[in-house]
Amino acid sequence: MTDSSQSPSNDRRAFLRGAVGGTALGALGMMGAYSYSPLRHGHFDTAESEKTDIGAVRSLKVTNISETSWFSNADLIGDIRGAGGLLVNQYKFNWPPFADKNGALAEGSYADGIKHIKDDLPNNLERAWAFQMENAVHPENAGGYAALLEIEMRDGSTKKLLLDSGWSYDWIDKAFQREGIDTMLANGEIDALIISHEHFDHFWGFPVSMKYAPEIDVYVPDGFYEEGFQYVKDSGHRGKLHVMKPGLTPLFDGVAIYNFAIPIITRVYGENSLYVNVEGKGLVSVTGCCHQGIIRFAETALKEIQMEKLYGIYGGLHISPFDDWDPKYDDLVFTLGDYGFEKIGANHCTGLLTVKKFIARGLPVVQGTARFGSKDPVYLGNGDQIGFGREVPLMSPVSAEAAPAAYSPPASGGDDGAVQGATY
Amino acid sequence: MPSSETVERYGDGYLEERNLVQRWPTPIPQILNLVLLGALFYATWWIFQDPRGWMRLYTPYVGYMYCRWLLIILIWMVYIFNYWPFRRAWLERTHPVIKAVLLSAIAVAIMAVVIKGFFEGLLGNYGMAYFNPEQMQKLGITDFFAEEYAALAILMFAALASWLSPAWIVGMEGAPWQRERQPVRGLTILLVTFFLATIIFFMTMHPHMGILYEQWQSFAAIAPPWWHEFADTVSGNFHVSWIMCCTVVVWLVETIWERYPFRVIRHDWARRFATFFGIIAIAFACHFFLYFAQELWWGEAVRGTRRLYAPDWRWLHVGETMIFFLLPALFITFYLNNWPRKGSPTYRVAVRTLVTLVAAIVIYWLYYNTSHLFLGTQRGFSHPQQFPMIPTIWLINIMLINHWFMDNWPGWKIAPQTSAEAAKDETVLDPALKPAE
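Residues numbered from 1 in each chain as written. Chains lettered and ligands numbered in written order. Predicted model: local features only at pLDDT ≥ 70, side-chain atom pairs only at ≥ 80, totals over all residues. Heavy atoms only, no water.

(A) Broad picture of the packing of aromatic side chains. Following the criterion strictly, the structure yields 91 aromatic pairs over all chains and no others. With centroids separated by 5.1 Å and ring planes inclined at 40°, the aromatic side chains of B:F331 and B:Y335 adopt a geometry described as tilted. Of this pair, B:F331 and B:Y335 both sit in helix α12 (residues 311-335), separated by 4 residues, roughly a single helical turn. Judged on exposure class, the residue B:F331 and its partner B:Y335 are both buried. The ring centre of A:Y225 lies 3.6 Å from the NZ or CZ of A:R267, which sits over that ring. Sitting above the plane of the B:Y309 ring, A:R296 keeps its charged end 3.4 Å from the centroid. (Phe/Tyr/Trp six-rings, centres within 6.5 Å; stacked < 30°, edge-to-face > 60°. Helix = DSSP H or I, 4+ residues; strand = E, 2+ residues; numbered from the N terminus. Buried < 20%, exposed > 50% of the residue type's maximum accessible area, 1.4 Å probe, protein only. Lys NZ or Arg CZ within 6 Å of the ring centre and 35° of its normal.)

The structure is reproduced here in structure tokens:
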């Protein structure tokens, strides 16, 4: 079959069409081959950019106040499934503390929820939480994430930062009391509260911090929604509110916040993470959930910050928070060792499976004691500590006194099928 | 063989032969249909997909699976089976809205049988557990991820089929079964392309599924997957990328390129192989080039990281970017009568390609700057649960229903072909090569 007759002019025309088409296809093929050849690397900017000197500190101690953001993966992910998936706005879930009286999954809103508790914030949190226990979706599943950073400065003084404020008023208040955070806040010993991002398990326990220190400086990421800003006000915050713009912002000598403008599940946007440069050791990455990815966080540091080396990690790395998996997470397990971290205190949304894979891969994971609701000693649990540039006991002194049975997870919290092992 | 006068042709040649005429002067029909498409898209998006809407299937994989399968079943019904068992007279005389409702309902019913019956029921219960959420739930995976993982596996089959099935018609011209009657032709091509899709699935997505679970399924799948050093990731997104490129290139060749340049090859089998494999070659060129373009724009990918800089996301984004080219290409063909119609083939193809490129860039920019305002998705590029392929394929499905089942109603209608037009059609194109609109 042909599309032309056999006259000489048509032959010439067909020849020209074929030549044009063949040349175009050839050019396209060459373009494709070049695009993934080693030659392409010549197009990338390899020039050293000017790096920021953020200073240095003598040491850093991190106390894990709570890494247990929820107790049952099945309940949490069941709610997410029932509400319509991972893109549904978190304020819609009817989760505590924004329960409306109808208590129906995915039919809530900030406005409908806050009106029931606004008058109780921040000084009558027990009553506010009691309302949640009666009306919210799975109120017993709420825990929360918070960590205390104690930074020994080069002049011998100490600065303290509170990273995040948990979720459940009840859970996080008891965790604060267990670790003495309540007293530190009330005495003005904590210099600032850094909110890593707007997620329920990091931010919705905000009134607990306000109960003890309403004047404290608060840092939130750019990308907070209207509901988030209103919640800061409704919680009784009277101090300075700093909205961190994308990029590096030195906080004080040796410590900087880096804001990543990234979309996150349940309609959250933007995350603050911390760099702490420990003199003689290297840079420590401290994160709430590290949605930007720990490799991205490390690469950003290598590109933008003066340091000796990458030294340590503390916090959630958001790999398999629900013990779910995706093969792309194995790419991290393959490559994290290349960055030379000496101490990895990954917990929370890193996921047990990920940490087990890290350990199987030979990475220097600091393991914990699995107390106060933490499920597995494979990573740092609630009440555990980690030191960077200094040695610290694994259990915080106050939690060691209370251990092992000061608090236990709610009765409804269940075993979701713990990971039994790990490949590698 | 019986003569064509006595044999029911069903929809064989229907798309090529129907004489669509605009009811009103340009651009009224185009605007009218655009409004209709937009309204249908948004209403159905809200009902089925939107995370703020009614059924909220955009979890994301469950909704993604349904829209991918609907696409391939539409293609099967029209391109492979030529509307069989619906008679030609019924296609020509039935009101477009009735045809759309009936044929779409049949497509949805077939989709349910394929997903629930074949994949979840048959393969998932008697072959591979990862096709069936309940089987995975028994193994301890939470309900949500069991559904997501199964949906991912099932939708990847659809992705492969939505490349291979039309590629066999466009590239291989349906040969060697092009002269068989329906449903023999349809069934044969369906089985052959499904067989090919199965082979490629086992070589591409099965190793991905093999390391999705703990422990790695090393006895059942190659682990880590064979491509991981070349692609810089173990993720099957590397394959999603080139498969999507193949899918889009098939339709570019079929629509705005009028099957050029391959159609100038005179020898039948040389032309068929050149087209089939040429499409793959062009797709691989796009696959690598669009990855490179991202490296130029955002910087080099870094293995192990997440989001914008992750190789797995970059590969996925190649596929996502390609789908933006398909939208304007289909619009040009379906609603602008493949403008321009005059000039040499080189000129026509060049103009349409240029317009498609520019329009795709504009749509891409609009999507990433505005979609979070009306689709219920998250703003930003690399949200791990954001798949632009879902709304774009959803819209393409609606365009296909409008063009294939509704004869472009309401802006167009079928009119009897004049003898001059029929004669022109006979002389301009070989029927086997004639673009199917």
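(B) View of the UniProt feature "domain: Metallo-beta-lactamase" (unreviewed entry) in chain A. Mapped onto the present numbering, the UniProt feature "domain: Metallo-beta-lactamase" (unreviewed entry) falls at residues 156-242 of chain A. In residues 156-242 of chain A, the share of helix is 43% and the share of strand is 18%. The end C-alpha atoms are 27 Å apart. (UniProt positions renumbered as here; feature names shortened; annotations may be inferred.)

(C) Local environment of the sheet that holds strand β5 (residues 217-221) of chain A. Residue and element names in this part refer to chain A. Read across the open sheet, the 7 strands follow the order β6-β5-β4-β3-β2-β1-β13; overall the sheet is mixed. Taken across any chain shown, the strands that pair with only one partner, and hence form the sheet edges, are β6 (241-244) and β13 (385-388). In this sheet, adjacent strand axes meet at a mean angle of 20° when their direction is disregarded. Across the face of the sheet, helix α5 (residues 169-179) comes into contact with β1 (59-66), β2 (146-152) and β3 (158-163) while running at roughly 135° to β1. (Pairing = 2+ DSSP bridges. Axes fitted to C-alpha atoms, helices over the stretch in contact; angles between N-to-C directions. Contact = heavy atoms within 4.5 Å.)

(D) Inspection of the sheet that holds strand β11 (residues 310-316) of chain A at higher detail. Residue and element names in this part refer to chain A. The strand order across the open sheet built from 6 strands is β7-β8-β9-β10-β11-β12, with neighbouring strands paired in mixed fashion. The open sheet has two edge strands, β7 (247-252) and β12 (343-347), and neither has a second partner. Pairwise comparison of adjacent strand axes, ignoring direction, gives a mean angle of 20° for this sheet. Alignment of strand β8 (residues 255-264) against strand β9 (residues 268-278), held across 8 bridges, turns out to be antiparallel. Bridging across to β9, V255 finds its partner in V276.

(E) Quick peek at helix α13 (residues 345-374) of chain B. Along α13(B), the sharpest kink reaches roughly 45°, centred on B:Y368. Of the positions making up α13(B), those classed as buried are B:P345, B:R348, B:V349, B:V351, B:R352, B:T356, B:A360, B:Y364, B:Y367, B:Y368 and B:S371. (Bend = angle between axes of the 7 residues up to and from the residue.)

(F) Region of interest: empty space enclosed by the protein. Inspection of every chain in the model, using the stated rule, returns 4 cavities of 30 Å³ or more. Roughly 580 Å³ of internal volume is contained in the largest cavity. Where the lining of the largest cavity is concerned, the elements lending two or more residues are α11 (327-335) of chain A together with α3 (61-80), α7 (143-170), α8 (184-210), α10 (237-254) and α12 of chain B. For the lining of the largest cavity, the element with the highest residue contribution is α7(B), accounting for 7 residues. The residue inventory of the lining of the largest cavity, partitioned by class, reads 24 nonpolar, 10 polar and 7 charged. Looking at the second largest cavity, its volume works out to about 230 Å³. Contributing to the lining of the second largest cavity are 16 residues, with A:W70, A:P321, A:H348, A:K375 and A:Y379 lying nearest its centre. Within the lining of the second largest cavity, the residues separate by chemical class into 6 nonpolar, 7 polar and 3 charged. (1 Å grid on protein atoms, 1.4 Å probe; cavity = no way out; pocket = protein on both sides within 12 Å on 5 of 7 lines; lining within 4 Å. Points joined across faces, edges and corners; volume = space filled by probe spheres on them. Nonpolar A, V, L, I, M, F, W, Y, C, P; charged D, E, K, R; others polar.)

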